[in-house]
Amino acid sequence: MNERTMKAGYADLLAAVADALDVPLPSLAATDEDAYRQLLEHRTSIVRSTMQANLKHSRDPWLAASQIREHCAAYPITYTPFEYLTVSGDDR
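Computed from a prediction, not measured in an experiment: that's the story for all the values here. (Residues numbered from 1 in each chain as written. Predicted model: local features only at pLDDT ≥ 70, side-chain atom pairs only at ≥ 80, totals over all residues. Heavy atoms only, no water.)

Draft legend 1. Local environment of the overall build of the protein. On a plain count of helices and strands, the protein comes out with three helices and zero strands. Against the 2.2 N^0.38 benchmark of 12 Å for 92 residues, the protein shows a C-alpha radius of gyration of 17 Å, more extended than a compact globule. For the protein, the spread of C-alpha atoms along the three principal axes comes to 60 × 30 × 15 Å. Going through the 92 residues of the protein one by one, you find that 24% of them count as buried. Put simply, of all contacts in the protein between residues at least 6 apart along the chain, 72% involve residues at least 24 apart. For the protein, the computed accessible surface area is about 6800 Å², with 55% contributed by carbon and sulfur atoms. Positive and negative side-chain charges of the protein, numbering 9 and 13 respectively, have mean locations separated by a distance of 12 Å. (Helix = DSSP H or I, 4+ residues; strand = E, 2+ residues; numbered from the N terminus. Rg over C-alpha atoms; globule rule 2.2 N^0.38 Å. Buried < 20%, exposed > 50% of the residue type's maximum accessible area, 1.4 Å probe, protein only. Contact = heavy atoms within 4.5 Å. Areas by Shrake-Rupley, 256 points an atom, 1.4 Å probe, with all protein chains shown as cover. Lys, Arg positive; Asp, Glu negative; His and termini not counted. Charge placed at Lys NZ, Arg CZ, Asp CG, Glu CD.)

This is the structure in structure tokens:
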């Protein structure tokens with residue numbers, strides 16, 4: 001792989017990690033908070049184990065990114081996200 005391809009591969013890997021861990025905050029309901037915590041634990045474990053295996057074996061950033069996306073897809077967001085209140089200038 002040339003340097004440009006490698007840089008693109010590592011950029012894709014970083015994007016996969018960021019996407020895996022970028023989940024919305026849960027609502028204030030206890031069940032949603034538990035589901036959020038469990039989701040982050042699962043996805044963090046996936047990222048950590050994939051990165052460790054990739055460093056030990058293939059060192060292929062494209063493969064690691066693909067595996068992270070594939071495995072995290074098995075853990076979708078199932079809780080109700082927190083809803084922020086917005087205040088416009090006319091509603092005060």
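Draft legend 2. Seen up close, unusual backbone geometry. Located in the positive-phi region is Arg59, a residue other than glycine, with phi close to 55°. Tracing the chain through its elements places Arg59 in the loop between α2 (30-56) and α3 (61-72). Take Arg59: its relative accessible area is 55%, and that puts it in the exposed class.

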